[in-house]
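What the coordinates show
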Amino acid sequence: MEPPEEPLRPVIYTMENKPIVTCAGDQNLFASVYPTLSQQLPREPMEWRRSYGRAPKMIHLESNFVQFKEELLPKEGNKALLTFPFLHIYWTECCDTEVYKATLKDDITKWQNVLKAHSSVDWLIVVVESDAKKKNKTNILPRTSIVDKIRNDFCNKQSDRCVVLCDPLKDSSRTQESWNAFLTKLRTLLLMSFTKNLGKFEDDMRTLREKRTEPGWSFCEYFMVQEELAFVFEMLQQFEDALVQYDELDALFSQYVVNFGAGDGANWLTFFCQSVKSWNGLILRKPIDMEKRELIQSQEATLLDLRSYLFSRQCTLLIFLQRPWEVSQRALELLHNCVQELKLLEVSVPPGALDCWVFLSCLEVLQRIEGCCDRAQIDSNISHTVGLWSYATEKLKSLGYLCGLVSENGPNSEDLNRTVDLLAGLGAERPETAKTAQSPYKKLKEALSSVEAFEKHYLDLSHATIEMYTSIGRIRSAKLVGKDLAEFYMRKKSPQKAEVYLQNALKNYVAEGWALPITHTRKQLAECQKHLGQIENYLQTSSLLASDTHLTEDERKHFCQEILNFANEQKESPGLKVVLSMHSFAQLKHLHFDPSNALVHVGGTLSIEITLLSQMPISVQVEQIAVSVHFSIEKNSYRKTAEWLTKHKTSNGIISFPNENSSVPFSRSSSPALELYEMYERSPSDNSLNTTGIICKNVHMLLRRQESSSSLEIPSGVTLEDGAHILKCSNVTLDPGVNKIIFRTQAKEPGTYTLRQMCTSVGQVQFVLPHIYPIVQYDVYSQDPQLKVEPLTDSLLAGIPQKVKFTVTTGYYTIKNGDSLQLSNADAMLILFHAENRAIIYSNTREKSSEASLMIQSSEKVTSVSLPMAPAYHMIEFELEVLSLPSTPTSGESDKLVNKEPQRKNKEKQKAGNCMVTLDQKVSIDCPWSIYSTIIALTFNIPFKATHSLLSAGKRKYIQVCVQNLSELGFQLSDSNLIDTGNSPDLQLVPLNTKCQKFVQYSAGEQSQAGGSKGIGG
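Residues numbered from 1 in each chain as written. Predicted model: local features only at pLDDT ≥ 70, side-chain atom pairs only at ≥ 80, totals over all residues. Heavy atoms only, no water.

**Examining the overall build of the protein**
To be explicit about the condition: Working definition: helices are DSSP H or I runs of at least four residues, strands are E runs of at least two. Numbering for both runs from the N terminus. Categorising residues by exposure relies on relative accessible area from a 1.4 Å probe, with only protein chains included: less than 20% of the type maximum marks a residue as buried, more than 50% marks it as exposed, and the intermediate range marks it as partly exposed. Note on contacts: a residue pair qualifies if any of its non-hydrogen atoms lie within 4.5 Å across the two residues.
Looking only at helices and strands, the protein has 25 helices and 38 strands in total. For the protein, with 1018 residues in total, the buried portion stands at 45%. Considering only residue pairs separated by 6 or more positions, the protein has 73% of its internal contacts joining residues 24 or more positions apart.

Set out below in structure tokens:
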């Protein structure tokens, strides 16, 4: 007697799918044990070992138990794993041999024949043992006989395919043991069936994938096969493995699209090249979008249909894996990739359709994530979702421009027709979102309905996006959205609102040195400033754009002409001058002083040549270039001499200025380099080192305050400093590139002059360089006339004519005709002169100016030296010979005249007792520029020391004279002679040395002896 058939529950493509297990035999018996069976089966995990070296996993098995039907058995070629019954169970509680022979045996036989016909070998026979039936039937055989018969008749070598379940409805230890054994067997058979059938399915799938190069291969068919595998993994709650299947399909399709773009296209891709007719966005609120799945299965899906379905399945699995933030990351990649794939496949897309699809998809993903996360999680993971907010904002802006919702006059009839077409492509709202107040469909439809609604939605999205970007520190992205807002406000004729966003963006780009964004933002800002009537700001921005090499030549000329037009207009109606920064107009490259040491005397002429690099694209006629000079007097009471200044000045006179990027004037890359110098402080008493350190000489440039005005590039209050010291050059034409301008000035007052600012005037527009750096200075000195007398050798020796150099520094005094030096004659020093004596006149830069003969007149007391005429701040040099008459001291006298403190440089060469005797000769000189006499002291060294001794030999006397050379020079002595100055008739001197004999002194410290005899009487 067969039990009545029960209707089959739907098992296809629901998220509650479980492996199918058919139940044949006694359906009432199975119904009684089903509750316990369905609860106990998934309670214990089983280790699932898979092929190809994949790691084993612990899984919990669940099953969908359905009544056995032959229609459920798989047909030949059917690849649907979800409808595949993995195990067949026959249930019976027969305990009567007659009943077994009469009906049960035949029923089991028929059941097995059907399984064999469909090659199903995974089956199990369950015999339920009940003590109640034992008591009712007394003539029954022992239970083991029925089990044995079934095993003998049907199991043969598979005796484990027949199991006994004892009193399954009772609560006893025997029953529990029976349940455990049965469940273990059931799990084992189910797992064996999974492994076998899944392995065969994977092999068939790989075989199908390897045929993808064959002409008739279809991606849609393969998609359905691999998705079946994903469904099985999902059914087993192996969501990671299921996600891998969809990722492989995603990668395979993407590779085919890329190959198609490279010219290697597959035939089946033509199905996805059909025009887009629906753009209703992603559908993520249903586990499986059956409508799009059927389109893929029938090969009627568009590219957007395939991508939407594939991502919806990936999204579902990621939510199950509790990785919602990966959904947002993948969604952003998907949306950008779809845009590119449509271009590669050359798919026809109506204007605005793709923007609608992206906008709806972004909001759908965001709402799907919000549905599975709380507010705290969302706020802490803004970095994952802000990209979608930004993309949605961008696409809504594009739709607004396309549909005329941003134009000044609103949408026209063409714009309205386009809006209707776009809304038609959305279709009807899906049932799952129909009751949602803020569904993506409703938001888009409302935003496109009117200008006011669009503005509200666009501003809300933009402000939310900017706030999110700012909160996570992505300032650049926030400024980029702000630029879009500025563009929106400009189209809405609200430049005052746009300026704030453009200034903020420009400030960020300039600080970080982004050249191209700076150029683009400046162009927008210039337009905004022009509408607002901000003349000074507009001209400054125009000068920056005119010098920007990232613009075309025509664009640069346009902005340059804007400046010139304003300057010409102001000439006709003079008004307030506009002061702009020079760094964009022209750059100071080099400066050259003439004279090169930047040193000039009072009344002298200084020439300054500057090299300006004009950054304008056309020649500009400049009315005046002025340099403001700051004058300062040294705090020290003494005046700097020309000699001192020359030692402390650079020799080449060329100063180079650092290159400055005109488009990024205040960027980090153009900040001045540190100028560090060592600093030592020594003790004034013993010159020992007290402290050492490092000082920065350009700290005023490094620590200068950044202006916080409305524009970083507009100098705040830059004006040319007032003062009497201004260098000017008028009517100059600045050509594009390098220009050289020469300034000349006549020095009037001594002191230090520092070049502070530079101003270039074009009409009423002044371009000002507020600080000239490095510091540029020149010095003007005023010097008194000076006379300097110095020997040409290290030391003067008495008794030898030697040259002395006279240097007259004229200073402010001009030597006139008839001016002379009056030298008073000293008794012991003669001034020797010759007719060929000449004087040389030098300029203050030591350049030879002229040469003249020297006229010298001498009298008994005065020697007059006539000076040649010479202008102020020149030098006159000439040489005279002087002769100091020596007096050779005796040994006793020399001790009194010996210099007790010889010069330090000769200390090591001089031995004790061998010091030279010095004589100071003072000469009084009267100079024409002074009423006072100048006392000059010349020190002469006596080179010899002479000693004598008187020796006796009987009646004869011998005189020995020794001469010692104390100088470093070598002398040759000859014709030595001893003279009786008293002319005594009784004294006769007979020299013992022969007349031809010479005595030579080579160096200091050596001695020669000369002998003589004295005869008394005869």
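**Notes on the pairing of strand S12 (residues 620–632)**
Put simply, the test is: Pairing between two strands is assigned when DSSP locates at least 2 bridges connecting them.
Inspection of the sheet shows S12 paired to strand S16 (residues 726–734) by eight bridges, in the antiparallel sense. By the bridge assignment, Val622 is partnered in S16 with Val732.

**Notes on the packing of helix H10 (residues 324–344) against helix H13 (residues 382–402)**
Counted only if it meets this: Every axis corresponds to a line fitted to the C-alpha atoms, with the helix fit spanning only the stretch in contact, and the corresponding angles, defined between N-to-C directions, vary from 0 to 180 degrees. The handedness criterion is simple: a crossing whose near helix is rotated anticlockwise from the far helix by less than a right angle is left-handed, and one whose near helix is rotated clockwise is right-handed. Basically, the charged four are Asp, Glu, Lys and Arg, the nonpolar ten are Ala, Val, Leu, Ile, Met, Phe, Trp, Tyr, Cys and Pro, and anything else, Gly included, counts as polar.
Relative orientation of the contacting elements H10 and H13 amounts to 35 degrees, with a least axis distance of 7 Å. As for the relative orientation of H10 and H13, their crossing is left-handed in sense. Counting all contacts with H10, which are made through Trp325, Ser328, Ala331, Leu332, Leu335, His336 and Val339, the residues of H13 involved are His384, Thr385, Gly387, Leu388 and Tyr391. Split by residue class, the contact of H10 with H13 holds seven nonpolar, five polar and no charged.

**A word on the sheet that holds strand S28 (residues 855–858)**
What the six strands build is an open sheet, ordered S22-S32-S31-S24-S29-S28; its pairing is mixed. Because the sheet does not close on itself, it has two edges, and the strands there are strand S22 (796–797) and S28. As judged from the four bridges shared by S28 and strand S29 (residues 862–866), these two strands associate in the antiparallel manner. Counted as the bridge partner of Ser858 is Thr863 from S29.

**Considering H10**
Every α-helix carries 3.6 residues per turn, so stepping three or four residues along brings you back to the same face. Short version of the rule: Multiplying 1.5 Å by the residue count of a helix minus one yields the expected span of that helix.
Over its 21 residues, H10 extends 30 Å from the first C-alpha to the last, a length consistent with the 30 Å expected when each residue adds 1.5 Å. For H10, every residue scored as buried is listed here: Pro324, Trp325, Val327, Ser328, Arg330, Ala331, Leu334, Leu335, Cys338, Val339, Glu341 and Leu342. Looking at the buried side of H10, the elements it contacts are helix H7 (239–261), helix H9 (303–320), helix H11 (353–372), helix H12 (375–380) and H13. Among the residues trailing H10, Glu346 stands out with phi positive, at a value near 55 degrees.

**A word on helix H21 (residues 535–546)**
The end-to-end C-alpha distance of H21, which contains twelve residues, comes to 16 Å, matching closely the 16 Å that a straight helix rising 1.5 Å per residue would cover. When you tally the buried positions in H21, you get ten out of twelve residues, the bulk of the element. All of the buried residues in H21 are Asn537, Tyr538, Leu539, Gln540, Thr541, Ser542, Ser543, Leu544, Leu545 and Ala546.

**Examining the packing of aromatic side chains**
Under the convention used in this document: Ring geometry is summarised as follows: Phe, Tyr and Trp rings, the Trp one being its six-membered ring, pair when their centres sit within 6.5 Å, and such pairs are stacked at plane angles under 30 degrees, edge-to-face over 60 and tilted between the two. Only lysine NZ and arginine CZ atoms are considered, and such an atom sits over a ring when it is within 6 Å of the ring centre and within 35 degrees of the ring normal.
Scanning all chains against the criterion turns up 36 aromatic pairs. A centroid spacing of 4.8 Å and a plane angle of 45 degrees characterise the contact between Phe631 and Tyr753, whose relative ring orientation is tilted. Of this pair, Phe631 sits in strand S12 while Tyr753 sits in strand S18 (residues 751–762); the two residues are 122 residues apart in sequence, bridging distant segments of the chain. A residue is classified by how much of its surface remains accessible, and Tyr753, at 4% relative accessible area, is buried. Positioned above the aromatic ring of Trp123, the side-chain terminus of Arg161 is 5.7 Å from the ring centre. The cationic tip of Arg846 hangs over the ring face of Tyr842; the distance from NZ or CZ to the ring centre is 4.3 Å.

**Notes on the environment of Asn837**
Mapped onto the elements of the fold, Asn837 is located in the loop between strand S25 (829–832) and strand S26 (838–843). Asn837 gets classed as buried once you look at its relative accessible area, which sits at 11%. Residues Asn837 and Leu880, spaced 43 residues apart in sequence, show a C-alpha to C-alpha distance of 7.7 Å. Apart from the residues within four sequence positions on either side, Asn837 is in contact with Ser853, Leu854, Ile856, Glu879 and Leu880.

**Quick notes on the environment of Thr519**
Structurally, the position occupied by Thr519 is in helix H20 (residues 515–532). Excluding residues within four positions of it along the chain, Thr519 makes contact with Leu545, Asp548, His550 and Leu551.

**Examining the environment of Thr807**
As for its placement among the helices and strands, Thr807 is situated in strand S23 (residues 802–809). In sequence terms Thr807 and Ile840 are 33 residues apart; their C-alpha atoms lie 9.8 Å from each other. Apart from the residues within four sequence positions on either side, Thr807 is in contact with Gln786, Leu787, Lys788, Ile876 and Glu877.

**Regarding unusual backbone geometry**
Here Asp594 and Pro595 are connected by a cis peptide whose omega angle stands at 10 degrees. Relative to the elements of secondary structure, Pro595 occurs in the loop between strand S9 (586–594) and strand S10 (599–601). In this structure, the amide linkage connecting Tyr773 to the following residue, Pro774, adopts the cis form with an omega of 5 degrees. With respect to the helices, strands and loops of the structure, Pro774 is situated in the loop between strand S19 (765–769) and strand S20 (776–781). Look at Ala598: it is not a glycine, yet its phi comes out positive at around 55 degrees. The class for Ala598 is buried, based on a relative accessible area of 5%.

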